[in-house]
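Residue-level listing of the chains:
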Amino acid sequence: IGKTSLAMQIAVRGAADRKVPALIFSLEMSRRTLVAKAAALLTRCDTGAFSFDGDPIDWKGKVDPGLRAVAALKDLIRIEEFRNIGHIVMVSSAWRARNPGPAVIVVDYLQKVVGFKTRDQNREQEIAGVASALKDLAKDLDLPVIAPAQLDNDAAKEKRAPRIGDLRGSKAIEMEADVIIGIHRDRLAARGIADLIILKNRNGAIGRTRTNWIGAWQEFQNISDDEGEIDHDD
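This text gives an overview of the structure that appears in the document.

Reading guide: rules and limits
Each chain has its residues counted from 1, running along the sequence as written. pLDDT decides what is reported in this predicted model: residues at 70 or higher carry local features, side-chain atom pairs at 80 or more are listed and counted, and totals for whole chains, interfaces and linings draw on all residues regardless. In computing side-chain properties, one takes all heavy atoms of the structure into account and sets aside hydrogens as well as water. In this scheme Phe, Tyr and Trp rings, the latter by its six-membered ring, pair at centre separations within 6.5 Å, and the angle between planes marks the pair as stacked below 30 degrees, edge-to-face above 60, and tilted otherwise. Note on criteria: charge over ring means Lys NZ or Arg CZ within 6 Å of the ring centre, with the direction from the centre no more than 35 degrees off the ring normal. For every residue, the accessible area (1.4 Å probe, protein chains only) is compared with the maximum for its type, and the residue is labelled buried under 20%, exposed over 50%, or partly exposed between those bounds. Starting at the N terminus, helices and strands are each numbered in turn, a helix being any DSSP run of H or I of at least four residues and a strand any DSSP run of E of at least two. The rule for pairing is simple: two strands pair if DSSP sees at least two bridges between them. The term nonpolar core refers to a set of buried residues drawn from Ala, Val, Leu, Ile, Met, Phe, Trp, Tyr and Cys, joined through side-chain atoms within 4.5 Å. Contacts between residues were defined by any pair of non-hydrogen atoms, one from each residue, lying within 4.5 Å.

Okay, the packing of aromatic side chains next. Per the counting criterion, the structure on display carries one aromatic pair. Over the ring of Tyr-109 we find Lys-3; its NZ or CZ atom is 5.1 Å from the centre of that ring.

Burial analysis of strand β1 (residues 22-26) places five of its five residues in the buried class, which makes it a mostly covered element. With burial as the criterion, each face of β1 is covered, one bearing Ala-22, Ile-24 and Ser-26 and the other bearing Leu-23 and Phe-25. As paired strands, β1 and strand β3 (residues 104-108) are joined by five bridges and run parallel to one another. Bridging across to β3, Phe-25 finds its partner in Val-107.

Okay, the nonpolar core next. Counting 26 residues, the largest nonpolar core has Met-8, Val-12, Ile-24, Phe-50, Leu-73 and Ile-77 as the members making the most contacts within it. Mapped by element, the contributors of at least two residues to this core are α1 (3-18), β1, α2 (31-43), α3 (59-71), β2 (77-80) and β3. It is α2 that provides the largest number of residues to this core, a total of seven residues. Ignoring sequence-local partners within four residues, the contact set of Val-12 consists of Ala-38, Leu-41, Leu-42, Leu-73 and Ile-77. Grouped together as the second largest cluster of nonpolar side chains are 25 residues, Ile-85, Val-130, Leu-137 and Leu-141 included.

What follows is the structure, encoded as structure tokens:
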């Protein structure tokens, strides 16, 4: 829960606040849906204002400012809907050539990507190939590739925080990733709280930090130092 929102927040806020270009491959949501999510995030306006579901729409007060905020980032944020890993690599490489400085790529989400298939290959091997290709892409282009991924249902059934072994599809995801962040809201969700759990960090500490979760526009926010301090694990 919240994996797309967290990835979008990193990309959109990076572009709006720091002018960092973002290339987003949306495999689950339409371009229109992502634009609406970005507009709500930038204006801190309820996502329902952009749903066009028959309710009265506040065009002047909410929708227009949100869409203008997104339009202002048109040179920084690019949204594509390619699913094949070959196309993702090709488009990313061409985009990187035009954006040589700090930048970020989001692939949402990993298990939706279509990998390189062979006759005897199963789905687990295909996902492993995708994870490896995304790792190589990050290394070759020298930028972060954020790939939200689904978890198995065990954590939800057991009403517990996610563990590193809960990643669905292939153990290769765990092995290839430099950083893995789990999101836990479950029993804390009623209070608008979410734990971001650093399950793996190849170059640093692991642990967790508590954040405010603003469901209205789907944003994770810092809270006070005492409430949100990271608990480091060995």
